[in-house]
Amino acid sequence: MYSIKNSNPFITALGIILYIAIIFSLPIDRLFSTDYFSEFQIEYIVLALKMSALFTVGLIGIKKVNLLSLSGLSHSDKWSFKLLNCIPIYLFILGILSFIGNDITQVQISNIILLFVACMMVGFAEEFIFRGLLIPLFIKKYRYHKNGIFLSIFFSALFFGLSHLINLSVNENIPQVIAQVIFATFMGIFFASVLIKTNKLIPIAITHGLINFFFLFRTLPAINNNSEVITQNLTDQIAGALPSILLFFPLLIIGLIISRKINREVTLKKLPTQGNQKVIKL
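Quick notes on the rules
- Residues numbered from 1 in each chain as written.
- Predicted model: local features only at pLDDT ≥ 70, side-chain atom pairs only at ≥ 80, totals over all residues.
- Heavy atoms only, no water.
- Helix = DSSP H or I, 4+ residues; strand = E, 2+ residues; numbered from the N terminus.
- Buried < 20%, exposed > 50% of the residue type's maximum accessible area, 1.4 Å probe, protein only.
- Contact = heavy atoms within 4.5 Å.
- Areas by Shrake-Rupley, 256 points an atom, 1.4 Å probe, with all protein chains shown as cover.
- Lys, Arg positive; Asp, Glu negative; His and termini not counted.
- Charge placed at Lys NZ, Arg CZ, Asp CG, Glu CD.
- Salt bridge = Lys/Arg side-chain N within 4 Å of Asp/Glu carboxyl O.
- Arc of directions from axis to C-beta.
- Core = buried A, V, L, I, M, F, W, Y, C linked by side-chain atoms within 4.5 Å.
- Expected span 1.5 Å × (residues − 1).
- Polar contact = N/O pair within 3.5 Å; in protein donor to acceptor, adjacent residues only side chain to side chain.

Overview of the overall build of the protein
Reasoning step 1: Secondary structure summary: the protein contains 10 helices and zero strands in total.
Reasoning step 2: Ordering the α and β elements of the protein from the N terminus gives α-α-α-α-α-α-α-α-α-α.
Reasoning step 3: By its C-alpha atoms, the protein is 65 × 40 × 40 Å across when sized along the principal axes.
Reasoning step 4: Among the 282 residues that make up the protein, the fraction classed as buried is 49%.
Reasoning step 5: If you take every contact in the protein between residues at least 6 apart in sequence, the share linking residues at least 24 apart comes to 83%.
Reasoning step 6: In the structure as shown, the protein presents an accessible area of about 15,000 Å², 64% of it carried by carbon and sulfur atoms.
Reasoning step 7: Taken as two groups, the 22 positive and 12 negative side-chain charges of the protein have centres that lie 27 Å from each other.

Dropping the structure here:
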């Protein structure tokens, strides 16, 4: 019988991406009529519902693996190095600056609440799956490798980035989607390192959700942003994708620095049984 606790994390990660692809292919939007909801409301109601399904899978998976310390959900572990969670605040500020000066007086409070809820569901779903679930599985697999902690951080982040390739089904701007894969991987490395260092997953999920919220706030209906659909050639698409990569590049650097400061022995003690561990040099 298949057991996620003893499964190969690569197979589990691929299964998760397949599950995400299936969930996002479901035409749930057809259940909502534009007679009662705006297109914006339908989009984010559907997003919240789909992310709730992903969050549920992540939560069940974490429970099955039963390595709450490594998942950052153990009540007995102290929340350490709290200031690390404040690093992405620069993204909050940039997100706010992106809509300052726009007319927001006509924005409906209900749409703001809907956007906030949907973004928080994205944060919790993705963090519980790609950090809370995959990190313990990868650490368990690579516990005997000298660089096992970094490999666990890297592979969990890589699969997080690759999961954004699913956006190709709804976004014809290929360079933009590739940029999403890259900066999501950067963000994944940072969040995975912070998770292991701080012992807490929920603050990371909240931070993730807030980043999405502040950057998507300008997409709210009735904001006077004078946005127009502009046809771009490939060169323009690539040029437009580069800033988002550069925006998240500091998180990659900081994440790599944090990963080098992680105490391997302390982290491995969170596994239920250690035995005599032999370190394999890569």
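Once the structure has been displayed, the description carries forward.
Topic: the pattern of salt bridges
Reasoning step 1: Evaluated as defined, the whole model comprises two salt bridges.
Reasoning step 2: One salt bridge in this structure joins E265 and R264, with 4.0 Å as the shortest N-O distance.
Reasoning step 3: The class of R264 is buried, set by a relative accessible area of 15%.

Things to note about helix 4 (residues 89-97)
Reasoning step 1: Residues of helix 4 that are buried: L91, F92 and G95. Buried residues of helix 4 fall within an arc of 105 degrees about the axis and therefore sit on the same side.

Topic: the nonpolar core
Reasoning step 1: F130, L134, I211 and F248 are the most contacted members of the largest nonpolar core, which has 81 residues in total.
Reasoning step 2: Contributing elements (two or more residues each) for this core: helix 1 (9-25), helix 2 (39-65), helix 4, helix 5 (109-141), helix 6 (148-162), helix 7 (174-198), helix 8 (202-216) and helix 9 (234-260).
Reasoning step 3: With 18 residues, helix 5 is the single largest residue contributor to this core.

Examining helix 1
Reasoning step 1: Across its 17 residues, helix 1 extends 24 Å between first and last C-alpha, which sits within 8% of the 24 Å expected from 1.5 Å per residue.
Reasoning step 2: All of the buried residues along helix 1 are P9, T12, A13, I16, I17, I20 and I23. On an axial view of helix 1, the arc spanned by its buried residues comes to 140 degrees, and they lie on one face. The exposed set on the far side of helix 1, more than 90 degrees from its buried face, consists of I11, L14, L18 and S25.
Reasoning step 3: Packed against the buried residues of helix 1 are helix 2, helix 5 and helix 6.
Reasoning step 4: The opening residue of helix 1, the one whose side-chain oxygen lies 2.8 Å from the backbone nitrogen of F10, is N8.

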